[in-house]
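The primary structure of each chain is shown beneath.
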Amino acid sequence: MDLRQILLSFAALVDLGLGLLVYFKTNPFRKVNFIFSILAWAAAGWALSFFMVYSIRNDASILFWGRMGFAASGILPTAFLFFAVLFPGEKRKASSKYLGLFLVPLIPCLGLSFTNKIVYSLGSDLNKMFVYGPFYPFFSVYLNFYFVLGFVFLISTYRRTIGLERLQVKY
């Protein structure tokens, strides 16, 4: 096992454990706790997927796990944006319709992750792991836009809060 595999397996275990800790230790029915758990589990899924990519030698399996990694990483920006909107304490008024709109890009990204539309095939050399499909640029824009939007929400929340809540947002 090389350093990359050790770090990915460690990250997967830590993320899985963190998600479980937040879900079971605190009130799992609070939206912010549930969303944070999903965020941590998606990160664990991404790390596990790429641990598998680096661990196995069968081309079909590598392609499957690579696509699985893109499916897991497709969940990350939506979960992060939901978390940023709700954190801390779910004080921001966010209707279900408003939050439901955030799911619109996630659904096609999850479906397309398992086709050749995001990851077309394996790369031919060590410098290029995958050959990307025609929807990869859209996936990339979705990923970056949602993360930037999530940080905008967190910065806005940071500016509005004081004391312990501000410290929580800072960390």
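Residues numbered from 1 in each chain as written. Predicted model: local features only at pLDDT ≥ 70, side-chain atom pairs only at ≥ 80, totals over all residues. Heavy atoms only, no water.

## As for the nonpolar core
Generally speaking, a soluble globular protein has its nonpolar side chains buried in company with each other.
Move 1: Formed by 39 residues in total, the largest nonpolar core has its most connected members in F70 and F102.
Move 2: Sorting the residues of this core by element identifies helix 1 (3-25), helix 2 (31-55), helix 3 (59-86), helix 4 (96-102), helix 5 (106-113) and helix 6 (136-160) as the ones contributing at least two each.
Move 3: If we ignore the near neighbours within four places in the chain, the residues touching F102 are T78, L81, F82, V85 and Y146. (Core = buried A, V, L, I, M, F, W, Y, C linked by side-chain atoms within 4.5 Å. Buried < 20%, exposed > 50% of the residue type's maximum accessible area, 1.4 Å probe, protein only. Helix = DSSP H or I, 4+ residues; strand = E, 2+ residues; numbered from the N terminus. Contact = heavy atoms within 4.5 Å.)

## Focus: the environment of W65
Move 1: Turning to its location among the elements, W65 is positioned in helix 3.
Move 2: As a C-alpha pair, W65 and L3 span 62 residues in sequence and 19 Å in three-dimensional space.
Move 3: Leave out the neighbours within four places in its chain, and W65 touches S49, M52, V53 and I56.

## Brief notes about the side chain of D15
Move 1: Examined against the element boundaries, D15 turns out to sit in helix 1.
Move 2: Although D15 is buried, it forms no salt bridge, and the closest oppositely charged side chain is R4 at an N-O distance of 16 Å.
Move 3: Apart from the residues within four sequence positions on either side, D15 is in contact with A40, W41, A43 and A44. (Lys, Arg positive; Asp, Glu negative; His and termini not counted. Salt bridge = Lys/Arg side-chain N within 4 Å of Asp/Glu carboxyl O.)

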